[in-house]
Amino acid sequence: FDESFLTVPPEVIATSIKNHQKCFALRDARSGRLANKYLLVSNLVATDGGKTIIAGNNKVIAARLSDAKFFWDQDRKVSLAKWSEKLDAITFHAKLGSQGERVKRIEALAGEIAKTIGADVDKAKLAARLSKADLVTGMVGEFPELQGLMGRYYALEEGIDTEVADAIRDHYKPVGPSDT
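Residues numbered from 1 in each chain as written. Predicted model: local features only at pLDDT ≥ 70, side-chain atom pairs only at ≥ 80, totals over all residues. Heavy atoms only, no water.

A. A look at the overall build of the protein. When helices and strands are tallied, the protein shows 8 helices and 4 strands. Beginning at the N terminus, the succession of helices and strands in the protein can be written as α-β-β-α-α-β-β-α-α-α-α-α. Oriented by its inertia axes, the alpha-carbon framework of the protein measures out at about 65 × 40 × 35 Å. Counting only residues that meet the buried cut, the protein has 32% of its 180 residues in that class. Long-range pairs, those at least 24 residues apart, make up 54% of the contacts in the protein between residues at least 6 apart in sequence. When the accessible surface of the protein is totalled, it reaches about 10800 Å², and 55% of it is carbon and sulfur. Considering the protein, the positive charge centre built from 26 side chains and the negative charge centre built from 25 side chains are found 3 Å apart. (Helix = DSSP H or I, 4+ residues; strand = E, 2+ residues; numbered from the N terminus. Buried < 20%, exposed > 50% of the residue type's maximum accessible area, 1.4 Å probe, protein only. Contact = heavy atoms within 4.5 Å. Areas by Shrake-Rupley, 256 points an atom, 1.4 Å probe, with all protein chains shown as cover. Lys, Arg positive; Asp, Glu negative; His and termini not counted. Charge placed at Lys NZ, Arg CZ, Asp CG, Glu CD.)

Printed below as a string of structure tokens:
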């Protein structure tokens, strides 16, 4: 695929290739960074040596990665704080209110916990305030499994402190028994 897509976070590319085409994203053996190549497995013997299969996959992957790049570029035009405002319009629970109200409760709780354990109260509250902002972005709308992770990327792009960005990503953890 086109190297211009490598400006998008690698997890987005790998997720898109895996979810939409059931292919495997590959890494450069020397750098460990995502390569602009992928691996696909076919369960048929192609009479043209696989050229038609490869061309078809290249076309679909290019379109999907183009969409992902569009979401990445568009989402970064809006700050996480601005995205957060949209959470007021999303119901979290009928009896508990909107996602925006939920975030306010999380923020208050994070501040109290931070005070109790001697952590930076302002950073804890900021991380909590921005923790759900990426839920309303185009990228997470397309790839819900990237929630939190995209929030971290957007926070770093805005120049938000790395500890806050990491907290935005990590507040979803653990995802399962093998997760950190």
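B. Local environment of unusual backbone geometry. With an omega of -5°, the peptide bond running from Lys 173 to Pro 174 counts as cis. With respect to the helices, strands and loops of the structure, Pro 174 is situated in the segment after α8 (162–170). Despite not being glycine, Lys 22 shows a phi value in the positive range, around 55°. The topology assignment puts Lys 22 in the loop between α1 (10–21) and β1 (24–27).

C. Structural view of the packing of aromatic side chains. For the structure shown, the criterion picks out 3 aromatic pairs. With a centroid separation of 5.6 Å and 25° between ring planes, the pair formed by Trp 72 and Tyr 154 is classed as stacked. Of this pair, Trp 72 sits in helix α2 (residues 51–75) while Tyr 154 sits in helix α7 (residues 149–158), and the two are 82 residues apart along the sequence. In terms of burial, Trp 72 and Tyr 154 fall into one category: buried. One aromatic cluster is present, built from ring pairs that chain together Trp 72, Tyr 153 and Tyr 154. (Phe/Tyr/Trp six-rings, centres within 6.5 Å; stacked < 30°, edge-to-face > 60°.)

D. Inspection of α2 at higher detail. Over its 25 residues, α2 runs 36 Å from end to end, which matches the ideal 36 Å to within 8%, given 1.5 Å per residue. Of all the residues in α2, the buried ones are Asn 57, Ile 61, Leu 65, Ala 68, Trp 72 and Asp 75. On its buried face, α2 is in contact with α1, β2 (34–39), α3 (80–85), α6 (138–142) and α7. (Expected span 1.5 Å × (residues − 1).)

E. Examining the pattern of salt bridges more closely. The tally for this structure, following the rule as stated, stands at 13 salt bridges. Of the charged contacts, one joins Glu 107 and Arg 129 as a salt bridge, the two residues approaching to 2.3 Å between their closest N and O atoms. With a gap of 22 residues between them, Glu 107 in helix α4 (residues 99–117) and Arg 129 in helix α5 (residues 121–130) connect regions that are remote in the sequence. One salt-bridge network, in which partners are shared between bridges, spans Lys 69, Asp 73, Arg 76 and Glu 157. (Salt bridge = Lys/Arg side-chain N within 4 Å of Asp/Glu carboxyl O.)

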